[in-house]
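Analysis of the macromolecular model
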Amino acid sequence: MLNICIVVLFSVMNSRPDVYNFIHCRSEYSLLKGVLTAEELCTRALAAGEHTVGITDINNLYGLPVFLEAAEKYGIKTLTGAVLTSSRPDDEREYLFTVYCYSKAGFKRLNTMISKLNNDSSPHGSCGYNYDPVADLLENGREGLLIASSRQQVLERLREGGAGGLYAALFCGEPYDSLRRGARRLGIKTSAMREVKSFTAEHVKTLELLRAVDEITPAARLDMSVDRYSPCRGVQSIEDASNAGSWISMQDCFSGAPEALMGTAEIVEAAAGAKLLPESWVFPDYRGLSADESAAELYRL
């Protein structure tokens, strides 16, 4: 019996899941809040020995076509996602959760939520600040979606809709014991994440300048230790992804929560490489013309 236990323990210790450093990336399409290009994300991931990348821009999917094109060029598996915030004026918005799509139904659902959120806070829309993404998920479900959040209150609300597809997001470099205990109490899984929004000191400086423009505030007066759009509470150090040795390893970050690495592997297995976009035009033929004929007519305008 003792020999069997030793063998089982040895097997568990050596069945370490793959590590995914690049599935929570903020790109330049997080307008005024991001600087990384799709090319940079893909090449940095490859340099670090990884082949899976996910973009999670803030309240939009603008960068998806460019990202998918770059990923195909470099042989990268993709995760399609977004960070969703509260519907408030820009200077009051806060991170709520991160969404990943694993089916066309989920992709449609995410697009609908983003449209509602942006319309609710746009001067050209309703601008009522009444839309609640969490309430939307509870009311209309989360088919085709995986939700990860580092906010305990958000997780408690979302748990009312069930534990399936819901993860407590533990971020490398952030204290996570309290969130992990909360996840156990709620009966939900944890996931191991690393927020990627800069690779170099130049990126950090550019982010600082963009934020000064966005907030109409002199850069010297900014508190860069606070990023309301980030799932991380504190400041993460500048790390160079071209040298994997410069990063604290995910195994070291989550040595006290190895199940979180398994949770991330589940997210990747479910959502990576999902075929979300139609292979043909979304719009029906115009006046009976084929797609090529319609395109030729548009070019002549």
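The text that follows walks through the structure, step by step, so that each part is easy to find. (Residues numbered from 1 in each chain as written. Predicted model: local features only at pLDDT ≥ 70, side-chain atom pairs only at ≥ 80, totals over all residues. Heavy atoms only, no water.)

All right, on to the pairing of strand S2 (residues 77–85) then. Taken across its 9 residues, S2 has 8 buried, putting it largely inside the fold. Pairing of strand S1 (residues 52–58) with S2, which is carried by 7 bridges, proceeds in the parallel orientation. Along S2, the bridge assignment pairs Gly54 with Leu79. The parallel pair S1 and S2 is bridged by helix H3 (residues 64–74), and the resulting crossover is right-handed. The pairing of S2 with strand S3 (residues 95–101) spans 5 bridges and is classified as antiparallel. Directly across from Thr85, in S3, lies its bridge partner Tyr95. (Buried < 20%, exposed > 50% of the residue type's maximum accessible area, 1.4 Å probe, protein only. Helix = DSSP H or I, 4+ residues; strand = E, 2+ residues; numbered from the N terminus. Pairing = 2+ DSSP bridges. Right-handed = clockwise from strand over helix to strand, strands pointing away.)

On to the state of the cysteines, then. In protein structure, a disulfide is the covalent linkage between the sulfur atoms of two cysteines. Using the criterion set out here, one finds 1 disulfide in the structure. What pairs with Cys172 in a disulfide is Cys253, and their sulfur atoms sit 1.9 Å apart. Note that Cys172 is positioned in the loop between strand S5 (166–171) and helix H7 (177–186) and Cys253 in helix H9 (residues 250–253), a separation of 81 residues in sequence. Taking relative accessible area as the criterion, Cys253 reaches 13% and is therefore assigned buried. As a non-bridged cysteine, Cys42 has Cys25 as the owner of its nearest cysteine sulfur, 9.1 Å distant. This cysteine, Cys232, is not joined by any disulfide, and Cys172 carries the nearest cysteine sulfur, 9.1 Å off. (Disulfide = S-S within 2.5 Å.)

What follows concerns the packing of aromatic side chains. In the structure shown here, the tally under the stated rule is 2 aromatic pairs. Consider the rings of Phe22 and Phe199, whose centres lie 6.4 Å apart with planes at 50°: the pair is tilted. Highlighted residues: Phe22 in the loop between helix H1 (2–14) and helix H2 (38–47) and Phe199 in the loop between strand S6 (189–193) and helix H8 (201–215), separated in sequence by 177 residues. When the ring of Tyr176 is compared with that of Phe254, the centres are 5.5 Å apart and the planes differ by 25°; the resulting orientation is stacked. Of this pair, Tyr176 sits in the loop between S5 and H7 while Phe254 sits in the loop between H9 and helix H10 (258–271), and the two are 78 residues apart along the sequence. (Phe/Tyr/Trp six-rings, centres within 6.5 Å; stacked < 30°, edge-to-face > 60°.)

A few words now on the sheet that holds S2. Strand order in the open sheet formed by 6 strands is S1-S2-S3-S4-S5-S6, with mixed pairing between adjacent strands. In the strand order of this sheet, the two ends are held by S1 and S6, each with one partner. Across the sheet, the axes of successive neighbouring strands diverge by a mean angle of 30°, strand direction being ignored. Note: S3 against strand S4 (residues 145–149), 4 bridges, orientation antiparallel. Residue Cys101 lies in a different strand from S4, and its bridge partner there is Leu145. Against the sheet, H10 engages S1, S2, S3, S4, S5 and S6, with an angle of about 85° to S6. (Axes fitted to C-alpha atoms, helices over the stretch in contact; angles between N-to-C directions. Contact = heavy atoms within 4.5 Å.)

Take H7 next. Within H7, the full set of buried residues consists of Leu179, Arg180, Gly182, Ala183 and Leu186. Buried residues of H7, seen end-on, are gathered within an arc of 160° and therefore sit on one face of the element. Exposed side of H7, more than 90 degrees from the buried face: Ser178, Arg181, Arg184 and Arg185 are the residues found there. At the exit of H7 stands Gly187, carrying a positive phi of roughly 75°. (Arc of directions from axis to C-beta.)

With that settled, the discussion passes to H3. Looking at H3, one finds that the buried residues are Leu64, Phe67, Ala70 and Ala71. The buried residues of H3 occupy one face: seen down the axis, they fall within an arc of 130°. Pointing more than 90 degrees away from the buried face of H3 are the exposed residues Pro65, Glu69, Glu72 and Lys73. Check the buried side of H3 and you find it contacts H2, S1, S2 and helix H4 (104–120). One or two residues past the end of H3 sits Gly75, with phi positive at roughly 70°.

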